[in-house]
Amino acid sequence: MLEISDGDLIAQIMEEGAYLYSLTKSGKDVILKGKERKTHGGMALLIPYANRVKDGEYIWEDKKYELPKNSEGNAIHGLIMDKLFDVKFKGKSRVTLEYLLSHPGYPSTLRITITYSVVFDLLDIFITVKNEGEVSAPLVVGAHPYFLVRGKWSITPDRVRRCLMENKIPTGNVEDFRIVQKDYDDCFIIENREITLKSDYSTVTIEKSNMDYIQLYTGEPGAVAVEPMSGAPDAYHNGLGLIVLEPSKSRDFNFTISAVIH
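(A) Layout of the overall build of the protein chain. Scanning the protein chain for helices and strands turns up one helix and 25 strands. Counting only C-alpha atoms and orienting by the principal axes, one finds that the protein chain spans roughly 55 × 45 × 30 Å. Sorting the 262 residues of the protein chain into buried and exposed places 55% on the buried side. In the protein chain, 62% of the contacts between residues at least 6 apart in sequence involve partners at least 24 apart.

This is how it looks when you write it as structure tokens:
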């Protein structure tokens, strides 16, 4: 387990999956502590696709690819959660991890670099993905943090666009929507740079760059997953936010997390 800190904010990161296991401020948890199933606590990183790919298969440049499937029959949560990252740098307040992803269900090879930094009571997550293969590659980058909540909670901005879904898969169509407190496993388009989750427990602010899609998930008691993503679930089919990463090209993604515990 790797630990970084700056003042009262402490982050613990696992080398497996570059997974954020815990984040505390002044000794109090900001996120639900990590679990063996990484998408049920902590913050998993979702690369090279975020959330689901319908039927676990897709066609890219006239070739069919098959991905690992879950019990629903879909691929889910990317290909790196169980991969051991190399530690490229470790300091008191910053750590950089790297992994070279090659998989039979994916058309190219990606160098994935993750830097976590703690500075001025912010946790900064900077992700760089470079295509080191010889063909173009489809890409969506996401993160899956569970923030602790208590009592009533709200999201700002609350007036957004929601991806219409069938069996948890976006159809490619969107609608205007207002987020209110209820159960969700839904994807929203929120182009505002800043998103705030407020409850009786804390006020959490996410500032993001190149990540205009947000998945909300309320499947764990006492927490709300607010998941910044560069594209929608099943973007390999619906094209919502899908990046085509050409050989030797790279893309950067960045978001920060700050919290005030009430």
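(B) Here's a closer look at the pairing of strand β10 (residues 86-90). Summarising the sheet, β10 and strand β11 (residues 94-101) pair through four bridges and their orientation is antiparallel. Bridge pairing in β11 links Phe89 to Thr96.

(C) Spatial organisation of the nonpolar core. Residues Tyr116, Leu123 and Ile179 are the most contacted members of the largest nonpolar core, which totals 67 residues. The leading source of residues in this core is strand β12 (residues 110-119), at five residues. Those residues in contact with Ile179 that sit more than four places away from it in its chain are Trp153, Ile155, Pro157, Asp158, Val160, Tyr184, Phe188, Ile190 and Leu216. Core analysis: the second largest hydrophobic core is formed by 13 residues, Ala44, Leu46, Ile189 and Tyr213 among them.

(D) The arrangement of the sheet that holds strand β21 (residues 202-209) in detail. Reading across the sheet, the eight strands line up as β10-β11-β12-β13-β25-β21-β20-β16 and stay open at both edges, with antiparallel pairing between neighbours. A strand with exactly one partner marks an edge of an open sheet, and here the two such strands are β10 and β16 (153-156). Each adjacent strand pair in this sheet contributes to an overall mean axis angle of 15°, direction not counted. Here strand β20 (residues 194-199) pairs with β21 via five bridges, running antiparallel. Paired with Glu194 across the strands is Glu207, a residue of β21.

(E) Here's a closer look at the side chain of Asn131. Note that Asn131 resides in strand β13 (residues 122-131). Within polar-contact distance, the side chain of Asn131 engages the side chain of Ser108 at 2.6 Å. The contacts of Asn131, once residues within four sequence positions are left out, are Ser108, Thr109, Leu110, Ser136, Ala137, Leu245, Glu246, Pro247, Ser248 and Lys249.

(F) Broad picture of the state of the cysteines. Taken as a whole and assessed by the stated rule, the structure comprises zero disulfides. Just so you know, Cys163 is unpaired, no disulfide at all, and the nearest cysteine sulfur is the one on Cys187, 3.8 Å from it. Judged by relative accessible area, Cys163 falls into the buried class, the value being 1%. Judged by its relative accessible area of 0%, Cys187 falls in the buried class.

(G) Structural view of the packing of aromatic side chains. Under the criterion given, the structure shown has nine aromatic pairs. Centre to centre, the rings of Phe177 and Phe188 are 5.5 Å apart; their planes meet at 40°, and the pair counts as tilted. Remark: Phe188 occurs in strand β19 (residues 185-189) and Phe177 occurs in strand β18 (residues 169-178); sequence separation between them is eleven residues. The class of Phe177 is buried, set by a relative accessible area of 15%.

The rules behind the values
- Residues numbered from 1 in each chain as written.
- Predicted model: local features only at pLDDT ≥ 70, side-chain atom pairs only at ≥ 80, totals over all residues.
- Heavy atoms only, no water.
- Helix = DSSP H or I, 4+ residues; strand = E, 2+ residues; numbered from the N terminus.
- Buried < 20%, exposed > 50% of the residue type's maximum accessible area, 1.4 Å probe, protein only.
- Contact = heavy atoms within 4.5 Å.
- Pairing = 2+ DSSP bridges.
- Core = buried A, V, L, I, M, F, W, Y, C linked by side-chain atoms within 4.5 Å.
- Axes fitted to C-alpha atoms, helices over the stretch in contact; angles between N-to-C directions.
- Polar contact = N/O pair within 3.5 Å; in protein donor to acceptor, adjacent residues only side chain to side chain.
- Disulfide = S-S within 2.5 Å.
- Phe/Tyr/Trp six-rings, centres within 6.5 Å; stacked < 30°, edge-to-face > 60°.

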